[in-house]
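# Architecture at a glance
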Amino acid sequence: MDPMSCMKALVMAGSQFRNNHSDANLLQLQRQIELMISLTMKGHSLKFFNPQQILPMECLSCLCDIIEDHHTPTSLSHKTIALLNNLSSCPDIRDAMHTTFNFTSSLATFLQYHTQSPGEPLVLQTLQLLQKLTYKSRTSYPNSYMEELIRFIISHILGPESDLTAPCLGLLANLCRNNLSIQAHVKALENVKSIYRTLIAYVSHSNQSIVVYSFSILSNLCLNEEIGEKVFNAKNIYQTFQLIFNIIVNGDSSHVRSFTCDLFIGLLRSPKIQQSLVIYLSCSCPSAR
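The following paragraphs examine the structure supplied in this document. Throughout this description, residue numbers start from 1 for each chain and increase along the sequence as written. The predicted origin of the model limits local features to residues at a pLDDT of at least 70 and limits the giving and counting of side-chain atom pairs to 80 or more, whereas totals for whole chains, interfaces and linings rest on all residues. Water and hydrogen atoms were dropped before computing side-chain values, which therefore reflect all heavy atoms in the structure.

### What to know about the state of the cysteines
Our working rule: Defined by distance alone, a disulfide is two cysteine sulfur atoms within 2.5 Å.
Throughout the structure, instances matching the rule amount to 0 disulfides. Free of any disulfide, C59 has its nearest cysteine sulfur in C62, 6.9 Å distant.

Written out as structure tokens, the structure reads:
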């Protein structure tokens, strides 16, 4: 089937399933989602899925309905999240998911219904999708779903390290960036000192993503406070510069390199760090002296 036919069939199957949750309708909807997954896999062009056009918007609306239906079978949820993850690789689609359809709210609420099974791949995939949607996107606050989401991700940041640690750190870093309301909420938590201690420990981690996310959260929460002065003092900041430059050049992925650039730009908002960078460059680059 061509992409247009697949989208039409998906919208129709979604409508039939919404009206009647029969096994036959479920299988038909899952089959249509599987076809869309194959069409949107990594390396495939997503030009056919223009979020400004009616049919792609109907598809996104259908997928949103599935996520928001708390009676959706787990098998269908898995396939829906997989398709949304594929679609989110396109910036325009990702922006429509976040701003037009408010998938961030829907997914945060969806996650609450699966918190009893944190080891499920569905939870990891949902966190990864939320991380993509919130990257460089403005998130509204205050609201109840965001408070629950923050509570969930912090519980996993403070808990034993697992597959959820990195995406939880990345998601919290996204939420805190340039959002004073969320920053204030996190800093007002009773366990904020434990959060700081955990983040400081993670900046020495072997995983580049965990290191960069932790630095990003710390810089957004306490760069100009006492704890931030200790983390980013004159002695430590040179090691941080070296780490940042190494990751920008040799990072594990384009996302990690991009996130590291964002961290660097954020740190340079501090006049003290600007001065430290000048000294660092003059010592590291003889031609700059």
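### Digging into helix α6 (residues 103-112)
To keep things clear, this is the line we draw: Summary of the burial criterion: residues with accessible area below 20% of their type's maximum are buried, those above 50% are exposed, and those between are partly exposed, where the area comes from a 1.4 Å probe applied to protein chains only. Strands are runs of DSSP state E lasting at least two residues, helices are runs of H or I lasting at least four, and both sets are numbered from the N terminus onward. Between two residues, a contact is recorded if the distance between any of their heavy atoms is within 4.5 Å.
Taking burial as the measure, the 10 residues of α6 include 8 buried ones, the bulk of the element. Turning to α6, its buried residues are F103, T104, S105, S106, L107, A108, F110 and L111. Buried residues in α6 make contact with α3 (54-68), α4 (74-87), α5 (91-100), α7 (121-134) and α8 (144-158).

### Overview of the layout of surface pockets
Under the convention used in this document: Grid points spaced at 1 Å over the protein atoms alone were grouped into cavities, where a 1.4 Å probe fits but cannot get out, and pockets, open sets with protein on both sides within 12 Å along at least five of seven lines, with lining residues defined by an atom within 4 Å of a point. Grid points are joined across faces, edges and corners, and a volume is the space filled by probe spheres set on the points. Classification convention: Asp, Glu, Lys, Arg as charged; Ala, Val, Leu, Ile, Met, Phe, Trp, Tyr, Cys, Pro as nonpolar; all other residues, Gly among them, as polar.
In this structure, the largest pocket encloses a volume near 390 Å³. Lining the largest pocket are 19 residues, with N178, S219, N220, G266 and R269 sitting closest to its centre. When contributions to the lining of the largest pocket are tallied by element, the ones reaching two or more residues are α10 (180-187), α12 (208-222) and α15 (254-267). Considering each element in turn, the lining of the largest pocket owes the most residues, 5 residues, to α12. When the residues that make up the lining of the largest pocket are grouped by side-chain class, the tally is 6 nonpolar, 7 polar and 6 charged.

### Observations concerning the packing of α12 against helix α14 (residues 234-250)
Formally: Only the stretch in contact is used when fitting a helix axis, every axis being a line fitted to C-alpha atoms; angles between N-to-C directions are given from 0 to 180 degrees. Roughly parallel covers angles under 35 degrees, roughly antiparallel covers those over 145, roughly perpendicular covers 65 to 115, and oblique covers all other angles. Crossing handedness follows the turn of the near helix against the far one: under a right angle anticlockwise gives a left-handed crossing, and clockwise gives a right-handed one.
Between α12 and α14, whose axes approach to 12 Å, the crossing angle comes to 130°. Here α12 is positioned oblique relative to α14, judged by the angle of their axes. Helix-helix and strand crossings are classified by hand; for α12 and α14 the assignment is left-handed. Facing Q208, V211, V212 and F215 of α12, the residues of α14 in contact are T240, L243, I247 and N250. Of the residues that constitute the contact of α12 with α14, the class distribution is 5 nonpolar, 3 polar and no charged.

### Some words on the packing of aromatic side chains
Heads up, the condition is: Within 6.5 Å between ring centres, the rings of Phe, Tyr and Trp (the latter by its six-membered ring) count as paired, and their orientation is classed by plane angle as stacked under 30 degrees, edge-to-face over 60, tilted in between.
In this structure the tally under the stated criterion is 11 aromatic pairs. Ring centres 6.2 Å apart and planes at 85° place the aromatic pair F48 and F49 in the edge-to-face group. For F48, a relative accessible area of 16% puts it in the buried group. Taking relative accessible area as the criterion, F49 reaches 1% and is therefore assigned buried. Geometrically, the ring pair formed by Y213 and F259 is edge-to-face, given 4.9 Å between the ring centres and 75° between the ring planes. In this pair, Y213 is assigned in helix α12 and F259 in helix α15, connecting sequence segments 46 residues apart. Residue Y213 shares its accessibility class with F259, and that shared class is buried. Three or more aromatic residues link up through ring pairs in this structure, and these residues are Y238, F241, F245, F264 and Y280.

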